[in-house]
Amino acid sequence: LMAGFLASDIAERNRQAVRVVQAETAELRNVFTLSVASKPDMRDIRAAWTDYVKAVTGEEWPAMLNSRNAPAAAAAYDAMLREVSDPGIATEAGAAVHAALLNAAIRIGTARSERLALASDRTNELKWAVVLILGVMTQIGIGIVHLTRRNAQIGALAVFSAATVIMLGLIALQEHPFAGDVRLGPAPLLELLKLQGPAG
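So, here is what we can say about the structure in this document. (Residues numbered from 1 in each chain as written. Predicted model: local features only at pLDDT ≥ 70, side-chain atom pairs only at ≥ 80, totals over all residues. Heavy atoms only, no water.)

1. Some words on the overall build of the chain
(1) Moving on: Secondary structure summary: the chain contains eight helices and zero strands in total.
(2) Moving on: Scanning the chain from its N terminus toward the C terminus, one meets helices and strands in the order α-α-α-α-α-α-α-α.
(3) Moving on: Against the globule reference of 16 Å for 200 residues, the chain gives a C-alpha radius of gyration of 24 Å, more extended than a compact globule.
(4) Moving on: For the C-alpha atoms alone, the extent of the chain along its principal axes is close to 85 × 25 × 25 Å.
(5) Moving on: Restricting to contacts in the chain with at least 6 residues of sequence separation, those with at least 24 account for 74%.
(6) Moving on: For the chain, the separation between the mean place of its 19 positive charges and that of its 19 negative charges on side chains is 7 Å. (Helix = DSSP H or I, 4+ residues; strand = E, 2+ residues; numbered from the N terminus. Rg over C-alpha atoms; globule rule 2.2 N^0.38 Å. Contact = heavy atoms within 4.5 Å. Lys, Arg positive; Asp, Glu negative; His and termini not counted. Charge placed at Lys NZ, Arg CZ, Asp CG, Glu CD.)

Printed below as a string of structure tokens:
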């Protein structure tokens, strides 16, 4: 039962990680599209946008394997936010475009914060300890029940051990959404760089 709760928590965290990356990708696409579609030249915004995407995919994603962030990504985000916050955009492109750019940039920052929080979350470590302790205690219980029947004891312990190892191994593969054998990569963000083309 405890292993089931642990697996459910890990699956929900992985789903949340996917949603956060999709949200960050969508808002980055919005910023790029607005910067291209708007009348005034916004190449400075696109340059800051490119620096941010490259910093996240090139530096921050590897850092998340060790539950860290990348100062370069934070600096790139700040630079992009400064460019988007320029009051001149409202004058040249209109208040609606400026508000849309600002809102998208702020949502990018929110999604990034959530992504980093998920990458550094270690709240399941206590649950893992409980599951392992319960597993050991269950093994002892099975062994005691079959003390007088050696073959039954060996068979029961072997079956339970194999099932436990396989189950916990499959759960552990997905424990960290941005690290481990089964992890979420930066491919959606890397795809954004293809948007640049001649407009970049």
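2. Considering a nonpolar patch on the surface
(1) Moving on: Together, I133, V136, M137, I140, I144 and L147 line one region of the surface with nonpolar side chains, adding up to about 610 Å² of accessible area.
(2) Moving on: Tracing the sequence through the fold places I140 in helix α6 (residues 124-145). (Patch = residues over 30% accessible without salt bridge, like charges linked within 9 Å, V, L, I, M, F, W, Y side chains within 5 Å. Areas by Shrake-Rupley, 256 points an atom, 1.4 Å probe, with all protein chains shown as cover. Salt bridge = Lys/Arg side-chain N within 4 Å of Asp/Glu carboxyl O.)

3. Thoughts on the side chain of E27
(1) Moving on: Take E27: it is sitting in helix α1 (residues 2-37).
(2) Moving on: By relative accessible area, which is 12% here, E27 ends up buried. (Buried < 20%, exposed > 50% of the residue type's maximum accessible area, 1.4 Å probe, protein only.)

4. Notes on the pattern of salt bridges
(1) Moving on: Summed over all chains, the structure comprises 10 salt bridges.
(2) Moving on: One salt bridge connects D41 with R46, and the closest N-O pair in it is separated by 3.7 Å.
(3) Moving on: Accessibility expressed as a relative area gives 9% for R46, which makes it buried.
(4) Moving on: Between K194 and E191 there is a salt bridge, with its nearest N and O atoms 3.0 Å apart.
(5) Moving on: Note on K194: relative accessible area 62%, which makes it exposed.

5. Here we look at helix α3 (residues 71-84)
(1) Moving on: An ideal rise of 1.5 Å per residue puts 20 Å on 14 residues; α3 measures up with 20 Å between its terminal C-alpha atoms.
(2) Moving on: All of the buried residues in α3 are A73, A76, Y77, M80 and V84. The arc that holds the buried residues of α3, viewed along the axis, is 100°, so those residues lie on one side. Opposite the buried face of α3, at more than 90 degrees from it, the exposed residues are P71 and R82. (Expected span 1.5 Å × (residues − 1). Arc of directions from axis to C-beta.)

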